[in-house]
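# Working through the structure, step by step
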Amino acid sequence: MQQTKFLLDEKRIPESWYNLVPDLPFQLEPPLNPATREPVGPEAFAPIFPEEIIRQEVTAEPYVPIPEEVREIYALWRPTPLFRARRLEKLLDTPAHIYYKYEGVSPSGSHKPNTAVPQAFYNKQEGVRRLTTETGAGQWGSSLAFACETLGLDCTVYMVKVSYGQKPYRRIMMETYGAEVHASPTDLTQAGRDILEQDPDSPGSLGIAISEAVEDAVKNDDAKYSLGSVLNHVLLHQTVIGQEALEQMELAGEYPDVVVGCVGGGSNFGGIAFPFIRENLKGNKDTRIIGVEPASCPTLTKGRYVYDFGDTAGTTPMMKMYTLGHSFVPSGIHAGGLRYHGDSPIVSALVHEGLVEARAYAQNPTFEAGVAFARAEGIVPAPEVTHAIKATMDLALEAREAGEEKTILFNLCGHGHFDFSAYEQYLAGGLVNLEHSDEEIERAVAGIPG
Ligand SMILES: *Cc1c(COP(=O)(O)O)cnc(C)c1O
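Reference entry: report on the structure contained in this document. The model shown is predicted, which means the values in this text are computed figures rather than measured ones.

## Re the state of the cysteines
The final tally for this structure, using the stated rule, is zero disulfides. Here Cys148 is not cross-linked by a disulfide; its sulfur's nearest cysteine counterpart is in Cys155, at 4.0 Å. Here Cys297 is not disulfide-linked; the sulfur of Cys262 is the nearest cysteine sulfur, at 13 Å.

## Let's talk about the side chain of Ser110
Mapped onto the secondary structure, Ser110 falls in the loop between β4 (97–102) and α5 (113–125). At a separation of 3.2 Å, a polar atom in the side chain of Ser110 contacts the main-chain amide nitrogen of Lys112. Discounting chain neighbours no more than four positions away, the residues touching Ser110 are Glu103, Gly104, Ser143, Cys413 and Gly414.

## As for the nonpolar core
Judged by nonpolar contacts, the single largest core of 82 residues is most densely connected at Trp17, Phe49, Phe274, Leu350 and Leu409. Considering every element that reaches this core, the biggest residue donor is helix α6 (residues 139–151), with seven residues. Here Phe49 is in contact with Ile54, Lys224, Tyr225, Ser226, Leu227 and Leu231, once residues within four sequence places are set aside.

## What about the pattern of salt bridges?
Taken as a whole and judged by the stated rule, the model has 21 salt bridges. One salt bridge in this structure joins Glu61 and Arg55, with 2.9 Å as the shortest N-O distance. By relative accessible area, Glu61 is classed as partly exposed at 29%. The exposure class assigned to Arg55 is partly exposed, which follows from its relative accessible area of 36%. The salt bridge partner of Arg84 is Glu89, with a shortest N-O separation of 2.9 Å.

## Topic: the sheet that holds strand β8 (residues 223–225)
Whether parallel or antiparallel, the strands of a sheet pair through hydrogen bonds between backbone atoms. Pairing is parallel in the open sheet, where four strands are placed in the order β7-β6-β5-β8. Looking at strand neighbours, the two that pair on one side only are β7 (180–184) and β8, the edges of this open sheet. Averaged over all pairs of adjacent strands, the angle between strand axes in this sheet comes to 25 degrees, irrespective of strand direction. Pairing analysis gives six bridges linking strand β5 (residues 130–135) to strand β6 (residues 154–160), with the strands arranged parallel. The residue bridging Leu131 from the neighbouring strand is Cys155, located in β6. Taken strand by strand, helix α10 (residues 206–219) contacts β5, β6, β7 and β8, and its axis lies near 170 degrees from that of β5.

## Description of the packing of helix α13 (residues 267–281) against helix α15 (residues 345–352)
Where α13 contacts α15, the two axes come as close as 11 Å, and the packing angle between them is 50 degrees. The orientation of α13 relative to α15 falls into the category oblique. Here α13 runs over α15; the crossing is left-handed. Residue-level inspection shows Phe269, Phe274 and Ile277 of α13 in contact with α15, the latter providing Ile346, Val347 and Leu350. Here the residues of the contact of α13 with α15 are counted per class, giving six nonpolar, no polar and no charged.

## Quick word on the site of the ligand
Around the ligand there are 17 residues in total, and Lys112, Ser229, Gly264, Ser267 and Asn268 lie nearest to it. At a separation of 2.5 Å, an oxygen atom of the ligand approaches a polar side-chain atom of Ser229. Backbone polar atom of Gly266 to an oxygen atom of the ligand: 2.9 Å apart, as the coordinates give it. Protein contacts shield 97% of the accessible area of the ligand, which totals 380 Å² for the unbound molecule.

## What about the packing of aromatic side chains?
For the structure on display, the rule yields 16 aromatic pairs. Look at Phe373 and Phe410: their rings are 5.9 Å apart centre to centre, the planes differ by 75 degrees, and that puts the pair in the edge-to-face class. Linking Phe373 in helix α16 (residues 363–377) with Phe410 in strand β14 (residues 407–412), this pair joins segments that are 37 residues apart in sequence. Owing to a relative accessible area of 0%, Phe373 belongs among the buried residues under this scheme. Chaining the aromatic ring pairs together yields one cluster made of Tyr74, Trp77, Phe146 and Tyr177. Sitting above the plane of the Tyr164 ring, Arg171 keeps its charged end 4.9 Å from the centroid. Lying over the aromatic face of Tyr18, Arg278 brings its terminal NZ or CZ to 4.8 Å of the ring centre.

Rules used in this analysis
- Residues numbered from 1 in each chain as written.
- Predicted model: local features only at pLDDT ≥ 70, side-chain atom pairs only at ≥ 80, totals over all residues.
- Heavy atoms only, no water.
- Disulfide = S-S within 2.5 Å.
- Helix = DSSP H or I, 4+ residues; strand = E, 2+ residues; numbered from the N terminus.
- Polar contact = N/O pair within 3.5 Å; in protein donor to acceptor, adjacent residues only side chain to side chain.
- Contact = heavy atoms within 4.5 Å.
- Core = buried A, V, L, I, M, F, W, Y, C linked by side-chain atoms within 4.5 Å.
- Buried < 20%, exposed > 50% of the residue type's maximum accessible area, 1.4 Å probe, protein only.
- Salt bridge = Lys/Arg side-chain N within 4 Å of Asp/Glu carboxyl O.
- Pairing = 2+ DSSP bridges.
- Axes fitted to C-alpha atoms, helices over the stretch in contact; angles between N-to-C directions.
- Parallel < 35°, antiparallel > 145°, perpendicular 65-115°, else oblique.
- Left-handed = near helix turned anticlockwise from the far one by under 90°.
- Nonpolar A, V, L, I, M, F, W, Y, C, P; charged D, E, K, R; others polar.
- Near = heavy atom within 4 Å.
- Areas by Shrake-Rupley, 256 points an atom, 1.4 Å probe, with all protein chains shown as cover.
- Phe/Tyr/Trp six-rings, centres within 6.5 Å; stacked < 30°, edge-to-face > 60°.
- Lys NZ or Arg CZ within 6 Å of the ring centre and 35° of its normal.

In structure tokens, the structure reads:
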């Protein structure tokens, strides 16, 4: 124990998570009950989340202490390294200084264990024996499987059936950590049975898998449900990334002019950006904060800022966010983690209020950037991250044109070691740039209730 304490002090892992909400110069709008359209209180979440998670979801405390046991588990891979991408700078012949925070050193290879571990910890503390969740490509499922294993909880993962068949390695990783993995839809839940009755060969979807995982948690007293993105408590936990980055940039003797992250549900982006937004709001700094999304799922750049459901079936509380409509089915791009119709309510509000900029890029230019990065810096990035890399490279080229010595920081939130079939297809002649026409987006957006 003494030794661990020494290790933690030495390792400079943050002692608290940072909550941006009380520092915001505007009010966030509350989630609404879909039937009554009245604000829902925290108690609405009691059947699926433990009390401490619900408290953190709505807390006004600016700093939430990280439990010592969580910091000890974080110490397996935190603090994560901050690198300067000197070889990429050279390749681009840019006066810009490019830094990246590398979250791919975690057990599951992405930022997701930053929230999986505390979520498992609080559930364990409140007597929960098993966590349920959904997973698409498997990044979240493998992170939660790891967290449950570490804290002695059982873990049940509903994995979208097509991915279960096509991405066996993530499934085997979850099973190696001891999780039970089902191809969703299953015949274990009413939600799954209903789908199978209509379509016995259903390939499944994230929306269906969420319904199954939630039903499993609600119907079993010893089980609760866990979500890997979008909600406030998830973004809160991810702020370890930005707090470490702030300190590491200081050690490097620099401060970023621009911070960049890719946005799916907004958690890795919020994680790196919020501590820098705090500095902006305090009036100390004027850093540009840029979120990058796929052109094929352009939530922040083409969606509407309205109340919508979090899931496809329309059963969750409604949240005010940028959305393409809960019925929107994004194209089958390889950056699976960025295919979500909505976005974090906090990140959405920041974009709406002009505190965060949003950009969108198509698949081929992002993979081109990812390959260039891999060849320069050695790390093969997850397809999601290549969006942040493309934006960073464009900013570095703009800096070259302008002859400006800009400092750019981006979040390399995961490696691409389970994504080589996507790289194989790209290298074999390119991918399709799947974009939706304005009419298609109009149609999806028109389906948003109210
Ligand atoms: C899950 C995931 C994402 C998308 O989720 P956010 O909540 O937007 O961070 C992006 N990149 C990687 C590597 C992921 O695993």
